[in-house]
Amino acid sequence: MRSILFLAALAGLAAGGSMAAPLSVETYTLPNGLTVILHEDHAQPMVTINTWFKVGSKDESPGRTGFAHLFEHLMFMGTERVPDNQFDMLMERGGGANNASTSSDRTNYYSWGPRSLLPTLLWLDADRLEGLSRAMTQEKLDLQRSVVRNERRQSYENQPYGGAELMISAAMWPEGHPYHHPVIGSHEDLEAATVQDVKDFFDTFYVPGNASLVVAGDFDPAEAKRLIAGTFGSVPLRPLPQHRTAQPVGFDREVRRLTDDRVRFPRLYLVWHSPAAFETGDAEMDILSSVLAAGNTGRLVERLVIKDQLAQQVQVYQESRQLGSEFHIEATAAEGADLEQIKRAILEEVARLQKDGPTEAELARVKAATESGFLRMKESLERRADMLNAYFTAYGEPDSFDRELARRLAPTATTVTQWAREVLGEGRLDLRVLPRDAAITTAGLDQRPENLPDRPAEPAVPVRLTLKNGQPLYVVSKPGSGLFSGQMIVEGGDRLLGADQAGLASLTATLLTRGAGKLDATGFADAVTTLGARIQAFSGTNAATMSVSGLTSRLDATLALMADALQRPSLEDDDFTREKDLALAGIRSRGENASRVAQVVGRAALFGADDPRGWPGDGHEATVAKLTRADVVATAPRLFTPARATLVFAGDFTPEQIKAALDKALAGWKGDSSVAPAPLAPVTAPKPGLLLVDRPGAPQTVISIWRPVAAPDGDDRVKRQCVNTLFGASFTSRLNQNIREKNGFSYGARSGFTEDAGQWLLTSGSAVQTQVTGPALREFRNEFTGLATGNVTADELEKAVRTVRFDLETSGDTTAAAAEAVAGLLRNGRPADAVRQDLAQVPGIDLEAVNALARSGLYRWDDLLVVLVGDKAAVLPQLAAEGFPAPTLLDADGKPLP
């Protein structure tokens, strides 16, 4: 049953929106044409700079597709003043980091770090804007061309359904249209690029007048203006580029495309041309997409996934772009379902919506979700800076947050219906994926300015309270955000169950939010979304967790739904059957994802089939297939019980306010009173070996490296963070510089330590081109062997320490991050102020101690388990050529092949 009164009461709230006070924003223009946008926010001792260049893939010349994105990579390849990889080195040495992105319409470069780093951030970006072209070489072009081609392989060619994504642009937009090709470009065009092409592209589009710079965070405006004038002001004025334009495009009939892929389940894409970004109708199509499908709710989810069970997943979205947008409906078939049936059902629901329009309850739900999502983006300083650039480009006024939220919330049932009729006609793309068988002075830039003074900062320590029914409650207040985020952590998780019930805890957790109280699955999902909230439950090896987040103004109503999920889950037969079938479909398609296979195989090899750490959280087909609804009903009160629960909440409230709200919501919560089984004994002994899972024809090999290690003592935890940062957790880390930047084997390489209730793992890996699997694994071996000798340099350590310090200082910058940070500490048995303790140890980290840790045996190559997922026929000869032993051959579940 659905609560119509509940939905109607919120309709007015969703329609009204949350209009906040204007931000502190100042806009001005340098003599060279660069637009500067300053935004002060002193909440955290951090700054971010965000530069938009009005150039995207739509501006590329014929035969040079992928060039805008290729150039994004080349922008990090060094100048005369900042050669080689010093751009990243200087930034990370000051505790900063950076990234970039390319779309059809713009390229975006953004950096962030401690407030003291602002001069360096500005100098680095101004230097490359002024001098990158002079320093461009064939070697740099060849390296980044290889990296970008690997990115295309990793993001599309080696991903399930990735090839279809590349086909949509060519099908939707005619030859010669700026959107006819995907942003990533083609291998052929990338190979054809020359150094002169690169220089011409830079000189044309990377000019001050074609850019806008946002500086946001903790800075003094007068000081920032002086720094900007001395850095970006030294870049010469250059002519503005001409941008490509195009007339509107539309189909008068259905266009069909068909392809195959290495997937188990067919997928249908229906795509229509739709209104351009920020134009009339764009907001209506956004609202319409969420009415049709948004997470676990929406008409198509209810029809295709829940009622007819034709699809296991439905995704609907408006892909807004400057010259014209695309409206997508994408459905992945359930086991045995036919795509024609799915299409018929989709078009029936579209026709029903075109006839009757959305209900007020649907609009209230979608607008509440829109509002909460908008506030979550605005809360993050980095996202806020990007939004300032976006609104300046769209509206000419950076502080257009209220205007933009009003635009998104303005659509009515009438206007949404009108645009549904206008856009969703017979002129569309029908794409199906079927399973495949088996002169100015630059003196101001010649010297990098000194960094600004640091401002001491300490992460918030949560207040500890106790609820009336006995659960510990940890609270971090985040005043002014308008948001809250909470986690309920219940000790037990998968270790409550045996290996023969692998997947039961995950299935049970999922079903808790598939209908509760008086609401069925659809009604519960609608109610949660109408509140602008999210409620999810999941189970891990050692604990089950229920997370909840939303608008503080709707805290009580959201917590009431969470309480229903805990105390009164429906657990209906239909819901159980549907979710079990979806779980089985996911398990059966697990082998399509090479990275997932590597995870399953690695854990099985380390811990064994009878250990909950060694089986996949979603289980095996054999164990899930035999589960019954009775199993779920019996497990739910054991999995989520007040006797073993701890709560963490962060948000716009006082500790007393959230305690009162939780006492009210959980007053009647009863559950299993048994204690959890004893903690699992940590595995610390190495389990070396070389394993291979055959993936015939794969364009990449996934390399996954594992080693169980002992828990750290004292300040060894922070030392590990520092060593790992310089080894494989930053862009300038040894692994990434070798595997990606030096050799171009992969889109990236990484390493890390994971901790779960006392069990520590050292992991590392990458996805590399198939034809260089052997050489790439050799380089991994070289890097591990080198670090094991204790050869960390003072420069590396300085950079790593600054990065670790900044990460610790800003670990709880948003409500969700604050709740997750504290929850992570509690899951692992650490005190609530552990981040402060770690931060206090950072100044004492010295080179001798770090190298002693590196020499301690943690990184000994012969102690590592290496899992490869790739084309056996191509990989085996390479392993032999590099002197590696013959691997053990396994299937995708980690079982030996005969």
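As the structure is a computational prediction, the values presented were derived from the model and not from experiment. (Residues numbered from 1 in each chain as written. Predicted model: local features only at pLDDT ≥ 70, side-chain atom pairs only at ≥ 80, totals over all residues. Heavy atoms only, no water.)

Observations concerning the overall build of the protein
- Along the backbone of the protein there are 32 helices and 23 strands.
- Relative to the globule expectation of 29 Å for 898 residues, the C-alpha radius of gyration of the protein, 27 Å, shows essentially globular dimensions.
- With the C-alpha coordinates of the protein rotated into their principal frame, the extents come out at 75 × 65 × 60 Å.
- For the protein, buried positions account for 59% of its 898 residues.
- Separation between the mean location of the 94 positive side-chain charges and that of the 115 negative ones in the protein comes to 2 Å. (Helix = DSSP H or I, 4+ residues; strand = E, 2+ residues; numbered from the N terminus. Rg over C-alpha atoms; globule rule 2.2 N^0.38 Å. Buried < 20%, exposed > 50% of the residue type's maximum accessible area, 1.4 Å probe, protein only. Lys, Arg positive; Asp, Glu negative; His and termini not counted. Charge placed at Lys NZ, Arg CZ, Asp CG, Glu CD.)

Considering the sheet that holds strand β10 (residues 325–333)
- Read from one edge to the other, the open sheet built from five strands follows the order β7-β11-β8-β10-β9, with strand pairing classed as mixed. Each of the sheet's edge strands pairs with one partner strand only, and the pair in question is β7 (255–261) and β9 (311–319). Strand-to-strand, the axes of this sheet are offset by a mean angle of 15°, without reference to chain direction.
- Alignment of strand β8 (residues 267–274) against strand β11 (residues 429–435), held across five bridges, turns out to be antiparallel. Bridge assignment links Y269 to a residue of β11, and that residue is L431.
- Sheet strands in contact with helix α11 (residues 299–307) are β9 and β10, and its direction is about 160° off that of β9. (Pairing = 2+ DSSP bridges. Axes fitted to C-alpha atoms, helices over the stretch in contact; angles between N-to-C directions. Contact = heavy atoms within 4.5 Å.)

Some words on the sheet that holds strand β4 (residues 97–102)
- Taken in spatial order, the six strands make up an open sheet running β1-β2-β6-β3-β5-β4, and their pairing is mixed. For this open sheet the edge positions go to β1 (25–29) and β4, each flanked by a neighbour on one side alone. Within the sheet, the average angular offset between the axes of one strand and its neighbour, ignoring direction, is 15°.
- In this structure, strand β2 (residues 35–40) lies alongside strand β6 (residues 211–217), joined through six bridges in parallel fashion. Bridging from a neighbouring strand, I37 pairs with V214 of β6.

Focus on the environment of T646
- Its location among the elements puts T646 in strand β17 (residues 645–651).
- Between the C-alpha atom of T646 and that of M488, which follows or precedes it by 158 residues, the distance is 5.8 Å.
- Not counting residues up to four positions away in its chain, the partners in contact with T646 are P472, Y474, Q487, M488, I489 and L826.

A short note on the packing of aromatic side chains
- This structure, assessed with the given rule, holds 25 aromatic pairs.
- Ring centres of F53 and Y206 lie 4.4 Å apart, and the angle between their planes is 35°; this geometry places the pair in the tilted category. Residue F53 is found in strand β3 (residues 46–53), and its partner Y206 is found in the loop between α8 (195–205) and β6; the two are separated by 153 residues along the sequence.
- Each ring, one from F727 and one from F784, has its centre 5.0 Å from the other, and the planes form 80°; the classification is edge-to-face. (Phe/Tyr/Trp six-rings, centres within 6.5 Å; stacked < 30°, edge-to-face > 60°.)

A closer look at the environment of N150
- Inspection of the secondary structure assignment puts N150 in helix α5 (residues 138–157).
- Taking the C-alpha atoms as reference points, N150 and H187, separated by 37 residues in sequence, lie 9.9 Å from one another.
- Residues in contact with N150, not counting those within four places in the same chain, are Q700, G744, F745, S746, Y747 and Q769.
- Looking at N150, its side chain comes within polar contact range of the main-chain oxygen of F745, at 3.2 Å.
- A distance of 3.3 Å separates polar atoms of two side chains, one belonging to N150 and the other to Q769. (Polar contact = N/O pair within 3.5 Å; in protein donor to acceptor, adjacent residues only side chain to side chain.)

Let's talk about the side chain of S485
- Within the element layout of this structure, S485 appears in strand β14 (residues 483–491).
- Under the relative-accessibility criterion, S485 is labelled buried at 9%.
- Not counting chain neighbours up to four residues away, the residues in contact with S485 comprise V548, S549, V648, F649, A650, T815, A816 and A819.

Here's the deal with the pairing of strand β15 (residues 534–539)
- Residues I535, A537 and S539 point to one face of β15 and are all buried, whereas R534, Q536 and F538, pointing to the other face, are not buried.
- As defined by bridge partners, β15 adjoins strand β16 (residues 543–551) across six bridges and the pair is classed as antiparallel. Each residue of the ladder has a partner; that of I535, found in β16, is V548.
- Taking the residues between adjacent antiparallel strands as the criterion, β15 and β16 are bridged by three residues.

Here's the deal with helix α4 (residues 118–131)
- A rise of 1.5 Å per residue sets the reference length of α4, with its 14 residues, at 20 Å; its end C-alpha atoms lie 20 Å apart and thus fit the reference within 8%.
- Counting buried positions along α4 yields 14 of 14 residues, so the element is predominantly enclosed. (Expected span 1.5 Å × (residues − 1).)

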